[in-house]
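Coordinates in review
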Amino acid sequence: MIVAIVCLAFSMASCDDDTNTGFDKALLYGKWQEGSVFERYNADGTGITWDEADDIMEEEGQPFNWTLSGDILTQEHLTVFGSIIPRVYTVSTLNTSNLTYYDDYGSYHYFTKAD
């Protein structure tokens, strides 16, 4: 009986560790690069994305609002016509130098810190 209680206690503790998928959103702040594509995340929940291969620089980029809750990164892209295009990603890596996220369609993005 005591062995069963101890095993149950250890299994509950390990479950708590496995479900901790939260990331520190402060690590997201700044400029990130994947090839010629850049994303900037500001501390106020705004951001901008641009692709220098398309001859688009930061000041001409597409603005977005973002939130990071646990491992879910949501970007709400603001179009020139006033509509909002939501994009939802699952973050798998976020540290001081790497950001990796993917969408429900299996599209992965691998960014490195650019500043």
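Going by the structure above, here's the rest.
The following refers to the structure shown. (Residues numbered from 1 in each chain as written. Predicted model: local features only at pLDDT ≥ 70, side-chain atom pairs only at ≥ 80, totals over all residues. Heavy atoms only, no water.)

**Topic: the pairing of strand S8 (residues 108-113)**
Here is the rule: Here the rule is simple: two strands pair whenever DSSP picks up at least two bridges between them. Where helices and strands are cited, they refer to DSSP runs of H or I of at least four residues and of E of at least two residues respectively, numbered from the N terminus.
Sheet topology places strand S1 (residues 30-34) next to S8; two bridges connect them, and they run antiparallel. Bridge assignment links Trp32 to a residue of S8, and that residue is Lys113. Judged from the five bridges that link them, strand S7 (residues 98-102) and S8 form a sheet pairing that is antiparallel. Across the sheet, residue Asn98 finds its bridge partner in S8, namely Thr112. Between S7 and S8, which pair antiparallel and follow one another directly, the connecting turn spans five residues, one of which, Gly106, has a positive phi of 85 degrees.

**Description of the environment of Asn65**
Note the threshold: We call two residues contacting when some pair of their heavy atoms lies within 4.5 Å.
Residue placement: Asn65 occurs in strand S4 (residues 62-69). Excluding residues within four positions of it along the chain, Asn65 makes contact with Gly45, Thr46, Thr74, Gln75, Glu76 and Leu78.

**Re the nonpolar core**
Note the following rule: What makes a nonpolar core is a set of buried Ala, Val, Leu, Ile, Met, Phe, Trp, Tyr and Cys residues whose side-chain atoms join them at distances within 4.5 Å. The buried label goes to any residue with under 20% of its type's maximum accessible area, the exposed label to any with over 50%, and the partly exposed label to all in between, with areas taken from a 1.4 Å probe on protein chains only.
Ranked by size, the top nonpolar core spans 13 residues in total, and within it Leu28, Tyr41, Leu73, Leu99 and Tyr101 carry the most contacts. Of all the secondary-structure elements, those providing two or more residues to this core are S4, strand S6 (84-94) and S7. What Leu73 contacts, discounting residues up to four positions off in sequence, is Leu28, Tyr41, Trp66, Thr67, Leu68, Arg87, Val88, Tyr89, Val91 and Tyr101.

**Some points on the side chain of Thr49**
Short version of the rule: Distance and chemistry together define a polar contact, namely a pair of N or O atoms within 3.5 Å, with one atom able to donate a hydrogen and the other to accept it when in protein, and with adjacent residues in sequence counting only for side-chain atoms on both sides.
Relative to the elements of secondary structure, Thr49 occurs in strand S3 (residues 46-51). For Thr49, a relative accessible area of 15% gives the class buried. Here Phe38 takes part through its backbone oxygen, which lies 3.0 Å from a polar atom of the side chain of Thr49. Thr49 has contacts with Val37, Phe38, Glu39, Gly61, Gln62, Phe64 and His77, leaving out every residue within four places of it along the chain.

**Focus: the layout of surface pockets**
Stated precisely, the cut-off is as follows: Think of a 1 Å grid over just the protein atoms. A cavity is a set of points where a 1.4 Å probe fits yet cannot get out, a pocket is an open set with protein on both sides within 12 Å along at least five of seven lines, and lining residues have an atom within 4 Å of a point. Grid points are joined across faces, edges and corners, and a volume is the space filled by probe spheres set on the points. Residues were grouped as follows: Ala, Val, Leu, Ile, Met, Phe, Trp, Tyr, Cys and Pro as nonpolar; Asp, Glu, Lys and Arg as charged; and all remaining residues, including Gly, as polar.
As a volume, the largest pocket reaches approximately 180 Å³. Along its surface, the largest pocket is lined by 13 residues, and Val37, Glu39, Thr49, His77 and Arg87 are the ones closest to its centre. When contributions to the lining of the largest pocket are tallied by element, the ones reaching two or more residues are strand S2 (37-41), S3, strand S5 (72-78) and S6. In terms of residue class, the lining of the largest pocket is built from five nonpolar, five polar and three charged.

**Here we look at the pattern of salt bridges**
Pairs can form between side chains of opposite charge whenever their charged atoms are close. The following threshold applies: Only one rule defines a salt bridge in this text: a Lys or Arg side-chain nitrogen within 4 Å of an Asp or Glu carboxyl oxygen.
What the rule picks out here adds up to two salt bridges. Where Glu58 meets Arg40, a salt bridge forms, and the shortest distance between an N and an O atom there is 2.6 Å. With a gap of 18 residues between them, Glu58 in the loop between S3 and S4 and Arg40 in strand S2 connect regions that are remote in the sequence. Linking Asp115 and Arg40 is a salt bridge whose minimum nitrogen-to-oxygen distance equals 3.2 Å. Of the two residues, Asp115 is situated in the segment after S8 and Arg40 in strand S2; the sequence distance between them amounts to 75 residues. Overall, Arg40 belongs to the buried group, its relative accessible area being 19%.

The quantities given are spatial measurements derived from coordinates; they are silent on function.
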